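What the coordinates show
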Amino acid sequence: MMLSIRRPRLLAVAVAGVLAAAVAGGPLSLVALGADPSMAPMAPAAPVGALPAPDPNAPPYTLFDPMAPAVLEGTEHDIDLPIVDRQMTVAPGYVVSTWTFGGSVPGPTIRVHLGDTVRVHLTNHGSMSHSIDFHASQTAMDHQMVDFAPGETLTYEFTADYAGVWMYHCGTQPTLLHIANGMYGMLIVEPRSGFEPVDTELAFVQSEWYLGAQGQPIDFAKASAGAPAPDFVVFNGVANQYKENPISIPTKGRVRVFLLDAGPSIDSSYHIVGTIFDTVIKEGIELARDNPEGWGSQAVDLSPAQGAIIEFSPQEDGMYAMVTHAFNFVGRGAVGILQASSME
Ligand SMILES: [Cu+2]
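Residues numbered from 1 in each chain as written. Predicted model: local features only at pLDDT ≥ 70, side-chain atom pairs only at ≥ 80, totals over all residues.

Here we look at the sheet that holds strand E18 (residues 307-312)
- Taking strand neighbours across the sheet as the criterion, the 6 strands line up as E11-E10-E13-E18-E15-E16 in an open arrangement whose pairing is mixed. Strand pairing shows two members of the sheet lacking a second neighbour, strand E11 (232-235) and strand E16 (285-287), which therefore form its edges. Sheet twist, expressed as the average angle between the axes of neighbouring strands with direction ignored, equals 15°.
- Sheet topology note: the strand E15 (residues 279-282)/E16 ladder contains 3 bridges and is antiparallel. Looking at E16, one finds that Val 280 is bridged to Leu 287. (Pairing = 2+ DSSP bridges. Helix = DSSP H or I, 4+ residues; strand = E, 2+ residues; numbered from the N terminus. Axes fitted to C-alpha atoms, helices over the stretch in contact; angles between N-to-C directions.)

As structure tokens, this is what we get:
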């Protein structure tokens, strides 16, 4: 289960080495680095992108179920969604003090029909004020997306007016911090005609971790960088969890993926090696299966807070890697294995 995380540390050593050479008047001068030579010598800064040392005593991570939940029965739903602080292993050896909806990162996936009434009952068991913003709702931000303190409750009610894969997240200031520390999840609204049955339905939320010290909340300064450099980019909260625990899919069967990019800041270019997507509904725009011109799709691009529904059929037995095709992030945890086998 151990994950080798070498690259960011090597990078950090290289950056620190350049700084040390510059300060010592080595072959790389401050001028060459673009610094103002009138400035005082630079103190060796904390290396950019440095990971804390892995903790050998960190508990193993909890595998997040990749199967999409069934749609809720009926047309009115009362859903309890407690806000809970939780120590979470986000990669072997790395623990974050997360703030969660429902005790997991991402929060639970909720699935309803178009037109349903959704009432979400939140209780803040956390240590600070939080709030919630359902992108599937249409409501003024100062009406329901309001902060509520530890011990308080809030009921957020809306009608699911539009179909799609929607984000929910905490909107308490600074929102970047609350999202980056784990406060997001997926809400699926089925279209008017429902979804056709398929063999396997999966749900993935892509997101980033910007690690602080072990066992602490994320590093807000790191997450706030103009060119953010996450330590991990993950599917369903944990780096490489589906690489280490492959997901079975049926050869020549139909697979549907509900996909959300929760960010907070990095795009997804979702691709499954060795497959072609014949159906993609991204933010309400549809590529339809068996379209007369024969169009297909290789990767689905999602900016933060965008969602998609993707379908494909693996054509032969074997291994299919899902990645974000921004390959600098594949080595940081954004990879999983779908294992196709013929089901007789
Ligand atoms: Cu929050």
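That shown, we press on.
Brief notes about the environment of Val 90
- Relative to the helices and strands, Val 90 is located in strand E2 (residues 83-91).
- For Val 90 and Gln 241, which are 151 residues apart along the polypeptide, the C-alpha to C-alpha distance reads 9.3 Å.
- Discounting residues that sit within four places of it in the chain, Val 90 has contacts with Val 96, Trp 209, Phe 232, Val 234, Gly 237, Val 238 and Ala 239. (Contact = placed C-beta atoms within 7 Å.)

Re the sheet that holds strand E4 (residues 110-113)
- Strand order in the open sheet formed by 4 strands is E4-E9-E8-E6, and the pairing between neighbours is mixed. Edge positions in the open sheet fall to E4 and strand E6 (133-134), since each of these has one partner strand only.
- In terms of strand pairing, strand E8 (residues 164-169) meets strand E9 (residues 184-190) through 6 bridges, oriented antiparallel. Within the sheet, the bridge partner assigned to Tyr 168 lies in E9 and is Gly 185.

Some thoughts on the environment of Phe 277
- Take Phe 277: it is sitting in the loop between strand E14 (268-272) and E15.
- Exposure remark for Phe 277: the 22 C-beta atoms within 10 Å place this residue in the buried category.
- Through-space distance from the C-alpha of Phe 277 to that of Arg 256 is 9.7 Å; in sequence the pair is 21 residues apart.
- Setting aside residues no more than four positions away along its own chain, Phe 277 makes contact with Gly 296, Ser 297, Val 300, Ile 310, Glu 311 and Phe 312. (Buried ≥ 20, exposed ≤ 12 C-beta atoms within 10 Å, placed from the backbone.)

Notes on the confidence of the model for the protein chain
- Considering every residue of the protein chain, the mean pLDDT works out to 88; 85% of them sit at 70 or more.
- The low-confidence segment residues 1-48, where pLDDT is below 50, has 47 contacts with residues more than four positions distant or belonging to other chains. (pLDDT = per-residue confidence, 0-100.)

Observations regarding the pairing of strand E5 (residues 117-123)
- Of the two faces of E5, the one holding Val 118, Val 120 and Leu 122 is buried and the one holding Thr 117, Arg 119, His 121 and Thr 123 is not buried anywhere.
- For strand E1 (residues 76-80) and E5, the ladder comprises 5 bridges, and the chain directions are parallel. Within E5, the position partnered with Asp 80 by the bridge is His 121.
- Bridging between E5 and strand E7 (residues 153-159) involves 7 bridges; their strand directions are antiparallel. Bridge pairing links Arg 119 to Glu 157 in E7.

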